[in-house]
Amino acid sequence: MAAGPAAPRVLNVNVGVLGHIDSGKTALARALSTTGSTAAFDRAPQSRARGITLDLGFSCLRTALPPQLGPGPGELQFTLVDCPGHASLIRTIIGGAQIIDLMMLVIDVTKGMQTQSAECLVIGQIACQKMVVVLNKIDLLPEGKRQSAIEKMTKKMQKTLENTKFCGCPVVAVAAKPGGPEAPESENPLGVSELIEVLKSQAYLPSRDPSGNFLMAVDHCFSIKGQGTVMTGTVLSGSVSLGDNVEIPALKVTKKVKSMQMFHTPVTYAMQGDRVGICVTQFDPKLLERGLICTPESLHTIHAAIISLKKIQYFRGALQTKAKFHITVGHETVMGRVMFFSPAPADFNKEIQEKVFDFEKDYLYQEEYLSKDSNSSEENKENDQSEVQLPRQQWALLEFEKPVTCPKLCLVIGSKLDTDIHANTCRLAFHGVLLQGMEDKNYMETFLPKLKVYKLKHKEGQVERVMDDYSVIGRSLFKKETNIQIFVGLKVKLSTGEDGIIDGGFGQSGKFKIRIPVASTCMPCIELSAQGPAWHLRAYSSPFHCLMD
Ligand SMILES: Nc1nc2c(ncn2[C@@H]2O[C@H](COP(=O)(O)OP(=O)(O)OP(=O)(O)O)[C@@H](O)[C@H]2O)c(=O)[nH]1
Ligand SMILES: [Mg+2]
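As the structure is a computational prediction, the values presented were derived from the model and not from experiment.

Visitor: Looking at this structure, how should I read the overall build of the protein chain?
Guide: The helix and strand tally for the protein chain stands at ten helices and 31 strands. Buried positions account for 41% of the 549 residues belonging to the protein chain. A separation of at least 24 residues holds for 70% of the contacts in the protein chain among residues at least 6 apart in sequence.

Visitor: Got a minute to help me understand the environment of Ser-259 in this structure?
Guide: For Ser-259, the location among the structural elements is in strand β13 (residues 259-262). Along the primary structure Ser-259 and Thr-281 are separated by 22 residues, whereas in three dimensions their C-alpha atoms are 9.9 Å apart. Excluding anything up to four places from it in sequence, Ser-259 contacts Leu-242, Pro-266 and Cys-279.

Visitor: Where do I start with the nonpolar core in this structure?
Guide: Most often, soluble globular proteins keep nonpolar side chains buried together rather than apart. The biggest cluster of nonpolar side chains holds 121 residues, and the ones touching the most others in it are Val-15, Val-17, Leu-105, Val-134, Ile-278 and Ile-307. For Val-134, the contacting residues outside a window of four places in its chain are Leu-28, Met-104, Leu-105, Val-106, Ile-107, Val-172, Val-174 and Leu-195. Core analysis: the second largest hydrophobic core is formed by eleven residues, Val-463, Val-472, Leu-477 and Ile-516 among them.

Visitor: Looking at this structure, how should I read unusual backbone geometry?
Guide: Apart from glycine, the bulk of residues carry a negative phi angle, and the bulk of peptide bonds sit in the trans form. With a phi close to 70°, Lys-137 is a non-glycine residue in the positive phi region. Residue placement: Lys-137 occurs in the loop between β6 (130-136) and α5 (146-161). Residue Lys-252 is not a glycine yet carries a positive backbone phi of 55°. Mapped onto the elements of the fold, Lys-252 is located in the loop between β11 (245-248) and β12 (253-256).

Visitor: When you look at the pairing of strand β22 (residues 394-406) in this model, what are you seeing that I'm missing?
Guide: For a regular strand, side-chain orientation follows a simple rule: the groups alternate between the two sheet faces. Here strand β18 (residues 300-311) runs beside β22; their pairing, made up of nine bridges, is antiparallel. Considered in β22, the bridge of Ile-306 is made with Leu-397. Of the pairings in the sheet, the one linking strand β20 (residues 332-343) to β22 comprises six bridges and is antiparallel in character. Note on β22: the bridge partner recorded for Phe-340 is Ala-396.

Visitor: Just checking my understanding: could you explain helix α6 (residues 192-202) for this structure?
Guide: Residues spaced three or four apart along an α-helix face the same direction, because each turn holds 3.6 residues. Of all the positions in α6, only Leu-195, Leu-199 and Gln-202 are classed as buried. Looking straight down α6, one finds that the buried residues subtend no more than 65° of arc, so they occupy a single side. Turned more than 90 degrees away from the buried face of α6 sit Ser-193 and Glu-194, all of them exposed.

Visitor: Got a minute to help me understand the confidence of the model for the protein chain in this structure?
Guide: If pLDDT is low for a region, its predicted coordinates should not be looked at in detail. Overall, the predicted model of the protein chain reaches an average pLDDT of 82, with 82% of residues at or above 70. When the criterion is pLDDT under 50, residues 1-6 qualifies, and its contacts beyond four places in sequence or with other chains add up to nine contacts. Ignoring residues within four places in sequence, the model shows residues 35-42, a span with pLDDT below 50, making 30 contacts including any to other chains. Two summary scores accompany this predicted model of the complex, namely pTM at 0.76 and ipTM at 0.99.

Visitor: Could you clarify how one ought to interpret the pairing of strand β30 (residues 511-515) in this entry?
Guide: Two strands pair when backbone bridges link them, and strand β27 (residues 471-475) and β30 are joined in this way by four bridges, in the antiparallel orientation. Bridged to Ser-471 within β30 is Arg-515. Where strand β29 (residues 499-506) and β30 come together, five bridges link them in antiparallel fashion. Residue pairing for β30: Phe-506 is matched across the bridge by Lys-511. Where β29 hands over to β30, the hairpin turn is made up of four residues, of which Gly-507 adopts a positive phi near 75°.

Visitor: So what exactly am I meant to see when it comes to the environment of Ile-100 here?
Guide: Counting through the fold element by element, Ile-100 comes out in the loop between α3 (90-97) and β5 (102-108). When the C-alpha positions of Ile-100 and Val-13 are compared, they lie 8.0 Å apart, and in sequence the two are 87 residues distant. Those residues in contact with Ile-100, other than ones at most four positions away along the chain, are Asn-14, Val-15, Gly-16, Val-81, Ala-127 and Cys-128.

Visitor: Quick question: what am I supposed to make of the environment of Leu-319 here?
Guide: By secondary structure assignment, the location of Leu-319 is in the loop between β18 and β19 (324-329). Residues Leu-319 and Met-339 lie 20 residues apart in sequence; the distance between their C-alpha atoms is 9.5 Å. When neighbours within four sequence positions are excluded, Leu-319 is seen to be in contact with Lys-311, Phe-340, Glu-368, Tyr-369, Ala-429 and Phe-430.

Scoring rules and cut-offs
- Residues numbered from 1 in each chain as written.
- Chains lettered and ligands numbered in written order.
- Predicted model: local features only at pLDDT ≥ 70, side-chain atom pairs only at ≥ 80, totals over all residues.
- Helix = DSSP H or I, 4+ residues; strand = E, 2+ residues; numbered from the N terminus.
- Buried ≥ 20, exposed ≤ 12 C-beta atoms within 10 Å, placed from the backbone.
- Contact = placed C-beta atoms within 7 Å.
- Core = buried A, V, L, I, M, F, W, Y, C linked by C-beta atoms within 7 Å.
- Pairing = 2+ DSSP bridges.
- Arc of directions from axis to C-beta.
- pLDDT = per-residue confidence, 0-100.

Here it is, written out as structure tokens:
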């Protein structure tokens, strides 16, 4: 279907090449590739001058279709996505990881796991299904001890992966460029054909869906004389056909698809997962280097968002409300401020809602994301000696320093990229899904009031006297000038265990009447406290005011 009925069957699987700087990712992609695409192998002059990869590189490798991918003739195309290893380029890696079906984690066998290898592993866990570990540079191991050193490192890697979703994944030893940079090109790589067999055995048919809006991550844009401007990239969702209109949302322009190619072969149709070059006319390639193109008007540009999120377990330290993070939303990274909130205590165990945010519910403001090691749960632990109860789902309000354009329900990653890159710590802090974007610039007035996030406050008062079995008069909860009317209907708990409801003011001195819905037999109560989220009227303690100041 992908290339019309007459074309041979070619299945495309995107393979990410990730790892620490200098582990040999580009050398490996080069060794694996049979066909180089337009943007492969550190071709950019800046990359070559610095000897590091600055951007995603794409190349491909075609092999026969392995048996698990179905009968009949056809080819399997691995699109290799060579990611930069340099720490400062992690945002590019996050963008790249979102189009990957299978990840190769490249490890310098003489060094083992390094800081960015660990970060790549975290990104892989969030964004990829399958992984192969590649131990590179085995030529640097002394020949006599090579085999035992490889076995030792293989065991070590398997131990590292034990508690990840990649537990038990294949580990393959290679030398992508034996002898290093000075070695002649004729020097054959070691272990690469074995690696190709492992990749084939790991290849699976990713579930692709041609329905929905077309969205493509463009990684390269150039003009061809007499043809037009070609944008190459990976289709992230939906499909595209010749003659379709596509929008470049960053520039707010729409162009018609004049022709398309997949790895040098003209096609009339491409769908999710395909790598394609789309040719349009009258468009200056200098205007777009990297970015998204899509079905016209299908993306939204948002100023703030509500996300459902999880902390990344390797991130040291707490996630605090009001803290700033680098936030990667879909394919853009901006600075943003967060406010965390959890379900109301009664909803802690409610089913996780993955794709929607319920504006009908009440939520609880949190000074920080609740986790086993967060401060507030430490306090709780001391107080009641029991296991802290953590909610099954938590959310955050994100406010961006500048608007971002992204699809609905996209991946969000929060990181502290300004952390010293030589510090041996994970800079990725949380990941989540964008549930609700706020397109209105004035979202603070138009949108936030709909969000019922409350702060827990606890206040105690006294019972002045008992009126009858159903009502008591309370005092010392409000000041004389308080408008008690806005607290009517809120629950109070009596020291005898009954629940009461504030019924209204009583007299002029801030006293108030409490109704007790169930008849009580004994009423010797003297104390009264008001608590629980019901206490927290938005008008009274909206957390946004403290967030916005
Ligand atoms: N001895 C030896 N050197 C290698 C091998 N593979 C790569 N190298 C060398 O290691 C250095 C880094 O290789 P690259 O392929 O650029 O590494 P990279 O992981 O792509 O680096 P970044 O993209 O900058 O993170 C180069 O000097 C390579 O020649 C190998 O198998 N053996
Ligand atoms: Mg590289």
